[in-house]
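The chain contents come next:
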2 protein chains.
Amino acid sequence: MKKLINRPEDVVREELEGIAAAHSDRVRVSLDPYYVMRADAPVQGKVAVVSGGGSGHEPMHGGFVGMGMLDAACPGEVFTSPTPDQILAATKAVSGGAGVLHIVKNYTGDILNFEMAADLAKEDGIQVEAVVTNDDVAVQDSLYTAGRRGVGVTVLAEKVCGAAAEAGSPLSEVAELCRKVNANGRSMGMALTSCTVPAAGKPTFELGEDEMEIGIGIHGEPGRERRKLATADEIVEVLATTIVDDLPFKSGDRVLAFVNGMGGTPLIELYVVYRALDRFLKGRGVAIERNLVGSYITSLEMAGTSITLLRLDDELVRLWDAPVNTPGLRWGV
Amino acid sequence: MKKLINRPEDVVREELEGIAAAHSDRVRVSLDPYYVMRADAPVQGKVAVVSGGGSGHEPMHGGFVGMGMLDAACPGEVFTSPTPDQILAATKAVSGGAGVLHIVKNYTGDILNFEMAADLAKEDGIQVEAVVTNDDVAVQDSLYTAGRRGVGVTVLAEKVCGAAAEAGSPLSEVAELCRKVNANGRSMGMALTSCTVPAAGKPTFELGEDEMEIGIGIHGEPGRERRKLATADEIVEVLATTIVDDLPFKSGDRVLAFVNGMGGTPLIELYVVYRALDRFLKGRGVAIERNLVGSYITSLEMAGTSITLLRLDDELVRLWDAPVNTPGLRWGV
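Some words on the overall build of chain A
In step 1: Within chain A one finds 8 helices and 14 strands.
In step 2: Along the first, second and third principal axes, the C-alpha set of chain A runs to 55 × 50 × 35 Å.
In step 3: Split into buried and exposed, the 333 residues of chain A put 66% on the buried side.
In step 4: Sequence-distant contacts in chain A: of pairs separated by 6 or more residues, those separated by 24 or more amount to 73%.
In step 5: Summed over all atoms, the accessible surface of chain A reaches about 10700 Å², with 49% contributed by carbon and sulfur.
In step 6: Positive and negative charge centroids in chain A, built from 32 and 46 side chains respectively, lie 4 Å apart.

Comments concerning the nonpolar core
In step 1: By size, the foremost hydrophobic cluster in this structure holds 100 residues, and its most contacted members are Leu-101 and Leu-329 of chain A together with Leu-277 and Leu-309 of chain B.
In step 2: A total of 10 residues in this core trace back to one element, the largest contributor, which is helix H7 (residues 267–284) of chain B.
In step 3: Not counting the four nearest positions on each side in its chain, Leu-309 of chain B is found in contact with Asn-184, Gly-185, Arg-186, Ile-243, Val-244, Phe-249, Val-255, Leu-256, Ala-257, Leu-277 and Leu-281 of chain B.
In step 4: By size, the runner-up hydrophobic cluster in this structure holds 99 residues, among which are Ile-268 and Ile-307 of chain A together with Ile-216 and Leu-310 of chain B.

Quick notes on the interface of chain B and chain A
In step 1: In this assembly, 58 residues from chain B lie in contact with 58 residues from chain A.
In step 2: Interface area, chain B with chain A, both sides summed: about 4500 Å², of which 62% is carbon and sulfur.
In step 3: When the area that chain B buries against chain A is broken down by residue, the three leading residues are Lys-2, Leu-4 and Ile-268 of chain B, summing to 21%.
In step 4: At the junction of chain B with chain A, the criterion picks out 6 salt bridges.
In step 5: The partner of Glu-17 of chain B in a salt bridge is Arg-279 of chain A, and the shortest N-O contact between them spans 3.2 Å.

Side note on the domain arrangement of chain A
All names here are of chain A.
In step 1: Segmentation of chain A into domains returns domain 1 (12–184) and domain 2 (185–311).
In step 2: Centre-to-centre separation of domain 1 and domain 2, based on C-alpha positions: 23 Å.
In step 3: In this complex, domain 1 contributes 30 residues to the contact, which on the side of domain 2 involves 34 residues.
In step 4: For the pairing of domain 1 and domain 2, the buried interface totals around 2500 Å² over both sides, and the portion due to carbon and sulfur atoms is 64%.
In step 5: Here domain 1 and domain 2 share 1 salt bridge between them.
In step 6: One salt bridge connects Asp-246 with Arg-148, and the closest N-O pair in it is separated by 2.5 Å.
In step 7: Inspection of the region where domain 1 meets domain 2 yields 18 residue pairs in polar contact (both at pLDDT 80 or more).

Section: unusual backbone geometry
Of all residues except glycine, most have a negative phi; of all peptide bonds, most are trans.
Residues and elements named next belong to chain B.
In step 1: For the bond from Asp-32 to Pro-33, the omega torsion is -5 degrees, close enough to zero to count as cis.
In step 2: Structurally, the position occupied by Pro-33 is in the loop between strand E1 (27–31) and strand E2 (34–38).
In step 3: Here the residue pair Glu-58 and Pro-59 is connected by a cis peptide bond, since its omega of 10 degrees sits within 30 degrees of zero.
In step 4: Tracing the backbone shows Pro-59 in the loop between strand E3 (48–55) and strand E4 (72–78).
In step 5: One non-glycine residue, Phe-79, adopts positive backbone phi at about 55 degrees.
In step 6: Positive phi values are uncommon outside glycine, yet Leu-300 reaches one of about 50 degrees.
In step 7: Summarising the element assignment, Leu-300 is placed in the loop between strand E11 (287–294) and strand E12 (304–311).

A few points about the packing of aromatic side chains
In step 1: Across all of its chains, the model carries 5 aromatic pairs over all chains by this definition.
In step 2: What links up through ring pairs into an aromatic cluster is the set Phe-64, Phe-258 and Tyr-296 of chain A.

Some details on the packing of helix H2 (residues 84–94) of chain A against helix H3 (residues 108–123) of chain A
All names here are of chain A.
In step 1: Two numbers describe how H2 lies on H3: the axes approach to 8 Å, and their chain directions differ by 45 degrees. Classified by the angle their axes make, H2 and H3 are oblique. Here H2 runs over H3; the crossing is right-handed. Where H2 approaches H3, its residues Pro-84, Ile-87, Leu-88 and Thr-91 are matched on the opposing element by Asn-113, Phe-114, Met-116, Ala-117, Leu-120 and Ala-121.

A look at the side chain of Gln-86 of chain B
In step 1: Inspection of the secondary structure puts Gln-86 of chain B in helix H2 (residues 84–94).
In step 2: At a separation of 2.8 Å, a polar atom in the side chain of Gln-86 of chain B contacts the main-chain carbonyl oxygen of Pro-75 of chain B.

Digging into the relation of the copies chain B and chain A
In step 1: At an RMSD of 0.0 Å, chain B and chain A line up after a rotation of 180 degrees and a shift of 0.0 Å along the axis. The superposition of one copy onto the other is thereby described by a two-fold rotation axis. Within chain B, Gly-264 of chain B has its C-alpha nearest the rotation axis, a separation of 2.0 Å.
In step 2: With an isologous cut-off of 70% or more, the 100% of interface residues of chain B that recur at the interface of chain A puts this contact in the isologous class.

Topic: the pattern of salt bridges
In step 1: Scanning the entire structure with this criterion turns up 60 salt bridges over all chains.
In step 2: With a shortest N-O distance of 3.6 Å, Glu-129 of chain A and Arg-179 of chain A are connected by a salt bridge. Of this pair, Glu-129 of chain A sits in strand E6 (residues 128–133) while Arg-179 of chain A is found in helix H5 (residues 171–183), placing the two residues 50 residues apart along the sequence.
In step 3: In this structure, Arg-186 of chain B and Asp-246 of chain B form a salt bridge, with 2.6 Å as the shortest nitrogen-oxygen distance. Here Asp-246 of chain B lies in helix H6 (residues 232–246) and Arg-186 of chain B lies in strand E7 (residues 185–191), a separation of 60 residues in the sequence.
In step 4: Linked by salt bridges that have partners in common, Arg-7, Glu-9, Asp-10, Arg-13, Glu-14 and Glu-17 of chain A together with Asp-233, Arg-275 and Arg-279 of chain B make up one network.

Re the state of the cysteines
Disulfide: a covalent bond connecting the sulfur atoms of a pair of cysteines.
In step 1: According to the stated counting rule, one finds 0 disulfides over all chains in the structure shown.
In step 2: Here Cys-161 of chain A stays free of any disulfide, with the sulfur of Cys-178 of chain A as its closest cysteine sulfur at 3.9 Å.

Structural notes on helix H3 (residues 108–123) of chain B
All names here are of chain B.
In step 1: Between the first and last C-alpha of H3 there are 23 Å, a value that for 16 residues agrees with the 22 Å anticipated at 1.5 Å per step.
In step 2: The complete set of buried residues in H3 reads Asp-110, Asn-113, Phe-114, Ala-117, Ala-118 and Ala-121. Taken around the axis of H3, the buried residues stretch over an arc of 140 degrees, which confines them to a single face.
In step 3: Summarising the contacts, the buried residues of H3 are in contact with E3, H2, strand E5 (100–105) and strand E6 (128–133).
In step 4: Trailing H3 by a residue or two, Gly-125 shows a phi angle of about 85 degrees, which is positive.

About the thresholds
Residues numbered from 1 in each chain as written. Chains lettered and ligands numbered in written order. Predicted model: local features only at pLDDT ≥ 70, side-chain atom pairs only at ≥ 80, totals over all residues. Heavy atoms only, no water. Helix = DSSP H or I, 4+ residues; strand = E, 2+ residues; numbered from the N terminus. Buried < 20%, exposed > 50% of the residue type's maximum accessible area, 1.4 Å probe, protein only. Contact = heavy atoms within 4.5 Å. Areas by Shrake-Rupley, 256 points an atom, 1.4 Å probe, with all protein chains shown as cover. Lys, Arg positive; Asp, Glu negative; His and termini not counted. Charge placed at Lys NZ, Arg CZ, Asp CG, Glu CD. Core = buried A, V, L, I, M, F, W, Y, C linked by side-chain atoms within 4.5 Å. Buried area = accessible area lost by both parts, 1.4 Å probe. Salt bridge = Lys/Arg side-chain N within 4 Å of Asp/Glu carboxyl O. Domains from an automatic or database assignment. Polar contact = N/O pair within 3.5 Å; in protein donor to acceptor, adjacent residues only side chain to side chain. Phe/Tyr/Trp six-rings, centres within 6.5 Å; stacked < 30°, edge-to-face > 60°. Axes fitted to C-alpha atoms, helices over the stretch in contact; angles between N-to-C directions. Parallel < 35°, antiparallel > 145°, perpendicular 65-115°, else oblique. Left-handed = near helix turned anticlockwise from the far one by under 90°. Least-squares fit on C-alpha atoms with pLDDT ≥ 70 in both. Disulfide = S-S within 2.5 Å. Expected span 1.5 Å × (residues − 1). Arc of directions from axis to C-beta.

Shown next as structure tokens:
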């Protein structure tokens, strides 16, 4: 295992200490229990947006805490759900009296623990709504999931909901927006290599030198099929066809196209992927109005990519363009 | 070779087509010869800042083109210097009448080709100043370099000089700032794995499963030594000690700390590195006033990190904080 870490059992804590040291202008970090919160939280009278999940997907979610996006993120151990007490503590810490939205990726552990935390928060008088993201079209059920997995759309939902909350929208509207983003977004990913969970010390799965996994999950869960390596154009054709046909995205649709790196993929390759996606969508009459190209929801050092498409309307464009000031996304401020 | 590409010989062109498709709001791309320029270039009356070098280091340099940073970037083939005609064409395209600064990393081919282009531009009546960055403390000479290699400081110089040019500083001052950043900046890197140049199809060098290369160059050039794997804290101690002792950075100094990923290193590890660097510098009495954590000067899919420290003063802080709107760095707009 080749990683820039100290002891495997210290990775998450040390990462959080690094985030705290680097970004104290924007976030504060609790180490007991683990959560990252806006430096100015709780923002009185504003809906708070909270997410979380296993670590190893950075910058998601801790890197998306700040003005215009998340109020708090709860990182579990690597690829492990955060515990109810973490989520409860974060929820209480950022509650500003206008309710809290939990954005939860569809993994069984995440759902259970967020539900438990929401129940406890409600007992404390905090209004909580939860929205589950499940945008991954690759497989119906998966290793840690009943139903579709929540992946790239989560990043987009966090941005959109954060902007709405910042603008003063009430909890019901922010939650409705989250459902809207999830309903209009679809994703699919692939891997060229496995990743290695620090505590495991060996690759999560094995892939031959001439193989790739199509439809991979962000924890290395099996996808649709293992295939011979193909070109970037062929890979994009497979991912984008599946995504577009699923919603379906139709000619005339406006979309945000998100080309994501899995952690070990350099930007030069992501632009080759973006080029192919741009051509594919032009061929389908789908217009890219906004885009995001980079590694925003990762799987440790996995090499690979995922594509997320979000059907846009004027409201979503406006919220996407709104100012954001987080370690992972920043503009307009 | 596992990469998200089509034919190796098309990687750079297709990457540029991807950049053009993704970022037409901010940049325009010339494919013959290759260069990336600000969408609104030439900006009349403003000093233009131009850089370039081999591809494979993305987002450097093409990702740093835009308001407040570079006016143009000239990408060569992967790990190959751009040609004089590229640099000349870019220089002419962005010249707004106030002169052009060439920021050149210290590699023999880059130096020669930028010099030739500068001579030709001067014949065309364009005032050109060139500043060479050579911040890598690892080795004195290297595979493609007489003297020290130019690495991470280049990113910081491009930001600072771009801000000064945007603010209307004359060419002599922008060039002087570039020399100041280079003089006050030092870097060193290391690799856990090699990278593979697409056209070569096999790793540039071999590293054992328990080995790392300390002082690696951004093209995989040999560093100071090959060592047994060590912890992140130990690696930072080696890199940071060498950097700090070189300038030297002294107790009371204010710095920008730049923890860079080499392309295949996930963000979670970079924060573990940042934590260690923060502690190291506190121990030396050096205050981190600004930071940059992410993969900004990469070596294809190499796993590893580099650290750059830049000694700050109020002028540099102000220019660092100034608005920037490029695909790779964006704030304040």
